[in-house]
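Commentary on secondary and tertiary structure
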Amino acid sequence: MAGKINMRLDKNEMPSQDPQVRNKNFLEVALGYTEEQALDEAARCLNCKNHPCVDGCPVNVRIPEFIQKIVEKDYEGAYQVIHQTSSLPAVCGRVCPQESQCEMHCVRGKKGDPVGIGRLERFVADWHNAHSTEAPEKPQPNGHKVAVVGSGPAGLTCAGDLAKKGYEVTVFEALHLAGGVLVYGIPEFRLPKSIVQKEVDGLKAMGVKVETNTVVGRTITIDELMEENGFEAETGPYWNSPTVKDLVILIGAVDNNKSRKLCHEVFYKLDDLIYIDSGNGEFSGQVVCGVRRNGRTVRKPVGGVFPELLKAQDRFPSELSCAEASLADPQSMAANITAATIVVD
């Protein structure tokens, strides 16, 4: 890689709102790298011969290549490298678990911190969204139509990849906003809705159509999609799938998270909350942060430990730090309860 390698062992810290400020608002906690921080972090990349970080990325983003573009201050070029294999760079730069994927394989992590790949991806995507004025190039149509059922991250990614190959893609979403769990399962202070909408708008600019308030199977049937609307293929979760049991479990889990998020309003009305969650560590952190942002008190259970947050530490350190900064001083479960004890199975 051209330029001097930065051999500092620790990665650049992510700027963030002060805990005593962010516990009173719903704005994004992480503020993103400055240009100076991004250049300094990019210089830590060794441009390894075998690129293990690329193998650790589910969509095989050419990570050393986009980081090299950052070193050269070609931020739009860096974005285009990422966008070749990822349809949601601004989203992935924020909520993709890089710690257990690309960064886990980074050679720099063998002695010190891995390169902050996710933070650099976010910097590049935010720079593109703030400065790029050119509409994305529409591929030559290939004459085929595809329906994607569900506009969650998988549906949007599928739509983007197909659009790049020239397919005429329509995404059908049952709810009133596209994004699925990105919109209905992740709170504003972790992933702003405007970021998700920007990514959806980018797909629309590539020719992807998004039909909301459409429940496939009720509003329109698969037969109608295929026979009357001219779609030649469709993709999404269906009840007649041979793996229906697994799909039902998955869909139930997603719907449960949506329900939990939509029920946060109830949590916010409590004056004093002891929160116990036996499973989803990231969700636990989000609820804790959400309650504190409304000026309420959150008490740890006996022993002063949130085991599910500690269990999630390796995968979601940003979520853990957010929650810990929002917690009140540990107190006994039996003390100072003015509202209720909530147990989420």
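Higher on the page you've got the structure.
All values reported here derive from a predicted model rather than from experimental measurement.

1. A look at the packing of aromatic side chains
Under the counting rule described, the total for this entry stands at three aromatic pairs. Both rings, one in Phe-26 and one in Phe-189, keep their centres 6.2 Å apart while their planes meet at 45°; by these two values the pair is tilted. Of this pair, Phe-26 sits in the loop between α1 (19-22) and α2 (35-42) while Phe-189 is found in the loop between α9 (181-184) and α10 (193-205), placing the two residues 163 residues apart along the sequence. Relative to Phe-123, the ring of Tyr-75 lies with its centre 5.2 Å away and its plane at 90°, an arrangement referred to as edge-to-face. Placement of the pair is Tyr-75 in helix α5 (residues 75-83) and Phe-123 in helix α7 (residues 117-131), with a sequence separation of 48 residues. The same class applies to Tyr-75 as to Phe-123, namely buried. In this structure an aromatic cluster arises from ring pairing among Tyr-75, Phe-123 and Trp-127.

2. Thoughts on the environment of Pro-19
Mapped onto the elements, Pro-19 comes out in helix α1. In this structure Pro-19 comes out as partly exposed when scored by relative accessible area, which is 27%. Taking the C-alpha atoms as reference points, Pro-19 and Val-29, separated by ten residues in sequence, lie 8.8 Å from one another.

3. Brief notes about empty space enclosed by the protein
Tallying each qualifying case throughout the model produces one cavity of 30 Å³ or more. Approximately 110 Å³ is the volume found for the largest cavity. Forming the boundary of the largest cavity are 15 residues, of which Cys-45, Leu-46, Cys-48, Cys-53 and Cys-106 lie nearest the centre. If you list the elements that add at least two residues to the lining of the largest cavity, you get α3 (52-56) and α4 (63-71). A per-element tally of the lining of the largest cavity places α4 first, with three residues. Classifying every residue of the lining of the largest cavity gives twelve nonpolar, two polar and one charged.

4. Details of unusual backbone geometry
Here Asn-47, not a glycine, exhibits a phi torsion of approximately 50°, which is positive. Within the element layout of this structure, Asn-47 appears in the loop between α2 and α3. Asn-47 sits in the partly exposed class, given a relative accessible area of 31%. With a phi angle near 50°, His-51 is a residue other than glycine that sits in the positive phi range.

5. What to know about α4
Among all positions in α4, only Ile-63, Pro-64, Phe-66, Ile-67, Gln-68 and Ile-70 are buried. Where α4 is buried, its residues meet α2, α3, α5 and α7. Directly after α4, the chain includes Lys-73, whose backbone phi takes a positive value near 65°.

What counts and what doesn't
- Residues numbered from 1 in each chain as written.
- Predicted model: local features only at pLDDT ≥ 70, side-chain atom pairs only at ≥ 80, totals over all residues.
- Heavy atoms only, no water.
- Phe/Tyr/Trp six-rings, centres within 6.5 Å; stacked < 30°, edge-to-face > 60°.
- Helix = DSSP H or I, 4+ residues; strand = E, 2+ residues; numbered from the N terminus.
- Buried < 20%, exposed > 50% of the residue type's maximum accessible area, 1.4 Å probe, protein only.
- 1 Å grid on protein atoms, 1.4 Å probe; cavity = no way out; pocket = protein on both sides within 12 Å on 5 of 7 lines; lining within 4 Å.
- Points joined across faces, edges and corners; volume = space filled by probe spheres on them.
- Nonpolar A, V, L, I, M, F, W, Y, C, P; charged D, E, K, R; others polar.
- Contact = heavy atoms within 4.5 Å.

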